[in-house]
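# Descriptive structure summary
Listed below, chain by chain, are the residues.
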Amino acid sequence: MFTCLAPCKINLSLRIVGKRLDGYHELQTLMAPLALADTLTFEKNENGGLAFYCDHEEIPHDESNLAVKAVRIMERELGRPLAWTLTLEKRIPFGAGLGGGSSDAASVLLALNELEHAGLSQSRLLELAAELGSDVGFFIMRSVCNCSGRGEIVQLADGPAQRFVSPVLLLKPRFGVSTPEAYQHWAQSRRLPGISYEPVTWNRIEFVNDLERPVFEKFIFLAEVKMWLMQQPGVHVAMMSGSGSTMFALIDTIDRGQEIAQQALQELDPTLWTWCGMGGCL
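Residues numbered from 1 in each chain as written. Predicted model: local features only at pLDDT ≥ 70, side-chain atom pairs only at ≥ 80, totals over all residues. Heavy atoms only, no water.

### Examining the overall build of the protein chain
The secondary structure content of the protein chain amounts to nine helices and twelve strands. Computed over its C-alpha atoms, the radius of gyration of the protein chain comes to 19 Å, within 12% of the 19 Å expected for a compact globule of 282 residues. Structurally, the protein chain occupies a C-alpha span of about 60 × 40 × 35 Å along its principal axes. Buried positions account for 56% of the 282 residues belonging to the protein chain. Split by element, the accessible area of the protein chain, about 12,600 Å² in all, is 50% carbon and sulfur. Positive and negative side-chain charges of the protein chain, numbering 24 and 33 respectively, have mean locations separated by a distance of 5 Å. (Helix = DSSP H or I, 4+ residues; strand = E, 2+ residues; numbered from the N terminus. Rg over C-alpha atoms; globule rule 2.2 N^0.38 Å. Buried < 20%, exposed > 50% of the residue type's maximum accessible area, 1.4 Å probe, protein only. Areas by Shrake-Rupley, 256 points an atom, 1.4 Å probe, with all protein chains shown as cover. Lys, Arg positive; Asp, Glu negative; His and termini not counted. Charge placed at Lys NZ, Arg CZ, Asp CG, Glu CD.)

Okay, structure coming up:
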């Protein structure tokens, strides 16, 4: 049996710099991993082939699951079927802008590269990751990275971002956000009055998310959560991660984050999903 963790991410910055000929948007984004992670367990399948199980009913259990797609890509790469029972324990919420599915896929590539003694280089794993999705390559690196293109061009961060580490508070409402819809409405979206969209600099890192504009326009509650977080003592930065619907805050301490989480449940929404832990170069 082999077990590995698939960490989630937050976008410390996300800039949309244009529209590509392939229909995607050209991005410049800085992403950091968090200690919050899904768990993947691999056991040899004596019956042959892939058997896939997940403890979350709303996650697809068929060939559309990114973890399953990652297995299929490795089978293609190695030229043979792979006989594994793969069990996925979900802890990262979906539709949250935290990259859970992408991280699961990257973890499958990394694990099978080791378990099957494939010997694939990091650069080849990044090429395979790009086939699976825009964020998958970031999770191959497992560190703070600058990502460009549609997100698939990944470079380790340098300067202050390379050393980023902070307690992080996550708040997510019950609803999720469609990533394609957020990008589709970016160009024509407008700012809501009284909401801060401006970049914030903390520890010499600039924090900004261009997708807040279209997402906040549709989901005003997320804008309200951001402004509420910015008013809390001990919060240095408050922002949406990726296309949402998770809002994050960088805070003084984990204890302070847990206090703010309890306060959010009382003052904002008692059904919020909350998490507090470390983020950055783990």
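### Things to note about the packing of aromatic side chains
Enumeration over the complete set of coordinates arrives at six aromatic pairs. For the pair Phe42 and Trp84, a centre-to-centre distance of 6.3 Å together with 85° between the ring planes defines the contact as edge-to-face. In this pair, Phe42 sits in strand S2 (residues 25–44) while Trp84 sits in strand S4 (residues 84–89), placing the two residues 42 residues apart along the sequence. Between Trp202 and Phe207 the ring centres are 6.4 Å apart and the planes differ by 45°, which places this aromatic pair in the tilted class. Among the aromatic residues, those joined into a cluster by ring pairs are Phe2, Phe42 and Trp84. (Phe/Tyr/Trp six-rings, centres within 6.5 Å; stacked < 30°, edge-to-face > 60°.)

### A few points about the side chain of Asp38
The topology assignment puts Asp38 in strand S2. Asp38 gets classed as buried once you look at its relative accessible area, which sits at 0%. A polar side-chain atom of Asp38 sits 2.7 Å from the main-chain amide nitrogen of Arg91. Among the polar contacts listed, one links the side chain of Asp38 to the backbone nitrogen of Ile92, at a separation of 2.8 Å. Asp38 has contacts with Cys4, Leu5, Ala6, Leu88, Glu89, Lys90, Arg91, Ile92, Gly100 and Asp104, leaving out every residue within four places of it along the chain. (Polar contact = N/O pair within 3.5 Å; in protein donor to acceptor, adjacent residues only side chain to side chain. Contact = heavy atoms within 4.5 Å.)

### Points about the side chain of Glu212
Tracing the backbone shows Glu212 in helix H7 (residues 212–218). Residues within four places of Glu212 in sequence aside, it is in contact with Ser196, Tyr197, Glu217, Lys226, Met239 and Met240.

### So, the packing of helix H2 (residues 100–115) against helix H3 (residues 122–132)
At their nearest, the axes of H2 and H3 sit 10 Å apart, and the two run at 145° to each other. Read as a crossing pair, H2 and H3 show a hand that is right-handed. Where H2 approaches H3, its residues Ala105, Leu109, Leu110 and Asn113 are matched on the opposing element by Leu125, Leu128, Ala129 and Leu132. (Axes fitted to C-alpha atoms, helices over the stretch in contact; angles between N-to-C directions. Left-handed = near helix turned anticlockwise from the far one by under 90°.)

### Some remarks on helix H9 (residues 254–267)
With 14 residues, H9 should reach 20 Å at 1.5 Å per residue; the first-to-last C-alpha distance of 20 Å fits that figure. Buried residues of H9: Arg256, Gly257, Ile260, Ala261 and Ala264, and no others. Down the axis of H9, the buried side of the element spans an arc of 145°, and every buried residue falls inside it. Opposite the buried face of H9, by more than 90 degrees, sit the exposed residues Asp255 and Gln266. Close packing links the buried residues of H9 with strand S7 (165–172), helix H8 (220–230), strand S10 (235–240), strand S11 (247–251) and strand S12 (273–280). (Expected span 1.5 Å × (residues − 1). Arc of directions from axis to C-beta.)

### Here's the deal with the pattern of salt bridges
According to the stated counting rule, one finds 17 salt bridges in the structure shown. The salt bridge partner of Arg72 is Glu63, with a shortest N-O separation of 2.8 Å. In this structure, Arg124 and Glu77 form a salt bridge, with 2.8 Å as the shortest nitrogen-oxygen distance. Residue Arg124 is found in helix H3, and its partner Glu77 is found in helix H1 (residues 66–78); the two are separated by 47 residues along the sequence. Given the relative accessible area of 25%, Arg124 is considered partly exposed. Connected through shared salt-bridge partners, Asp38, Lys90 and Asp104 make up one network. (Salt bridge = Lys/Arg side-chain N within 4 Å of Asp/Glu carboxyl O.)

### Let's talk about unusual backbone geometry
With an omega of 15°, the peptide bond between Gly244 and Ser245 qualifies as cis. Residue placement: Ser245 occurs in the loop between S10 and S11. The backbone phi angle of Asn203 is positive, close to 50°, even though this residue is not glycine. Take Asn203: it is sitting in the loop between strand S8 (200–202) and strand S9 (205–209).

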